[in-house]
Amino acid sequence: MGILNGKIAAITGGSRGIGRGIAEAYLAAGAKVAINGRNQEKGDQALKEMDAGDRAIFIAGDVTSKKDVQHFIQGTLDRFGQIDILVNNAGGASGFAPVAEITDEAWKHTQNWILNSTFWATRAALKHMEPRGSGRIINISSLEGRTVTHASLGDYITHKHALNGFTKAVAFEYGAKGITSNAIGPGALETDAMRDAGAMVAKSTGVTYEQHLDSFAQVAAIKRIIKVEEVAAVALLLASPDGAGITGAIIPVDGGSII
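Scope of this entry: the structure provided in the associated data block. (Residues numbered from 1 in each chain as written. Predicted model: local features only at pLDDT ≥ 70, side-chain atom pairs only at ≥ 80, totals over all residues. Heavy atoms only, no water.)

**A few points about the overall build of the protein**
Then step 1. From N to C terminus, the protein includes eight helices and seven strands.
Then step 2. In terms of overall dimensions, the protein is globule-like: its C-alpha atoms have a radius of gyration of 17 Å, near the 18 Å expected for 259 residues.
Then step 3. Projected onto its principal axes, the C-alpha coordinates of the protein cover approximately 50 × 40 × 35 Å.
Then step 4. A buried classification covers 52% of the 259 residues belonging to the protein. (Helix = DSSP H or I, 4+ residues; strand = E, 2+ residues; numbered from the N terminus. Rg over C-alpha atoms; globule rule 2.2 N^0.38 Å. Buried < 20%, exposed > 50% of the residue type's maximum accessible area, 1.4 Å probe, protein only.)

Below you can see the structure in the form of structure tokens.
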């Protein structure tokens, strides 16, 4: 028997990277999962590779759209009848620039991608979790949600810090109702998102992508970047019965980048 047997998880940005790793860990533990992403083809490929049959579904949508987020939550409920675990994994930035050069459009896009998407999904899920008296909210934050390690990430840093505050607010309000709320703060991982965004950040700061990636390894006590499986293991703990006593926590998985 898996520790998540009978549980339903909804994971934003779940077709690749951290979200995909968490989905696979949950499936292995017996859960059914709904994953979200913008690209139907990538979603279909993820389902094929995960090979979970009717225990996994993909619902296409852009989390920067409130309508799409609501559609994802409702679609999960329509298919599986409940949501026990919500993982707000999707989130990033695209307007990499010093603060004085960040456009309003880039700022608002990052806010929607990281903070508003988490709010929209959490609000919708809580309305289902609260009457049932149980639920797990897990937000994927960042090393940059606790500190500042690189320039040209002002919008990303700001909204990841805000995400941590939102995590604590939900924990405070809903802990007595059987719902936990936590965030995981990974260090750098070489995912598709890092390869896309990291190249842009590197260019904006005048270094190569390889130098940019290595800069994260050098500030970590373990002198390497993080593996997706290491983040997924913490997400599994927080979703499991053994994680019931953890709430309001911002758990670093950053290899000791801040000690």
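Now that the structure is up, let's keep going.
**What about the pairing of strand β1 (residues 8-11)?**
Then step 1. By the alternation rule, side chains of β1 split into Ile8 and Ala10 and Ala9 and Ile11, which are all buried.
Then step 2. By the bridge criterion, four bridges tie β1 to strand β2 (residues 32-37) in an arrangement that is parallel. Paired with Ala10 across the strands is Ala34, a residue of β2.
Then step 3. Assessed by its sense of winding, the connection that carries the chain from β1 through helix α1 (residues 17-28) to β2 is right-handed.
Then step 4. Relative to strand β4 (residues 85-88), β1 is paired through three bridges, and the arrangement is parallel. By the bridge assignment for β4, Ile11 is matched with Val87. (Pairing = 2+ DSSP bridges. Right-handed = clockwise from strand over helix to strand, strands pointing away.)

**Topic: the pattern of salt bridges**
Then step 1. A full pass over the atoms with the stated rule returns six salt bridges.
Then step 2. One salt bridge in this structure joins Arg132 and Asp84, with 3.2 Å as the shortest N-O distance. Here the residue Arg132 occupies a position in helix α4 (residues 104-132), and Asp84 occupies one in the loop between α3 (66-80) and β4, the gap between them amounting to 48 residues.
Then step 3. A salt bridge links Glu130 to Lys177, with the shortest nitrogen-to-oxygen separation between them at 2.8 Å. Remark: Lys177 occurs in the loop between α5 (154-174) and β6 (179-186) and Glu130 occurs in helix α4; sequence separation between them is 47 residues.
Then step 4. Residue classification places Glu130 among the partly exposed residues on the basis of a relative accessible area of 33%.
Then step 5. The exposure class assigned to Lys177 is partly exposed, which follows from its relative accessible area of 36%.
Then step 6. Here the residues in one salt-bridge network are Arg20, Glu24 and Glu49, joined through shared partners. (Salt bridge = Lys/Arg side-chain N within 4 Å of Asp/Glu carboxyl O.)

**Some details on the packing of α1 against helix α2 (residues 40-50)**
Then step 1. Close contact between α1 and α2 brings their axes to 11 Å; oriented N to C, the two are set at 35°. Considering the relative orientation of α1 and α2, their crossing is right-handed. Between α1 and α2, the residues in contact are Arg20, Ala23, Glu24 and Leu27 and Ala46, Glu49 and Met50, respectively. (Axes fitted to C-alpha atoms, helices over the stretch in contact; angles between N-to-C directions. Left-handed = near helix turned anticlockwise from the far one by under 90°. Contact = heavy atoms within 4.5 Å.)

**A few points about the nonpolar core**
Most often, soluble globular proteins keep nonpolar side chains buried together rather than apart.
Then step 1. One finds Ile22, Tyr26 and Ile184 to be the most contacted residues of the largest nonpolar core, which totals 33 residues.
Then step 2. Put simply, the parts of the chain that give this core at least two residues each are β1, α1, β2, α2, β3 (56-60), β4, β5 (135-140) and α8 (228-239).
Then step 3. With seven residues, α8 is the largest single contributor of residues to this core.
Then step 4. Beyond its immediate chain neighbours, meaning those up to four positions away, Tyr26 contacts Leu4, Ala9, Ile11, Ala31, Val33, Ile85, Val87, Ile138, Ala235, Leu236 and Ala239.
Then step 5. The next biggest cluster of nonpolar side chains, apart from the first, holds 26 residues, and it includes Ala10, Val63, Met129 and Phe166. (Core = buried A, V, L, I, M, F, W, Y, C linked by side-chain atoms within 4.5 Å.)

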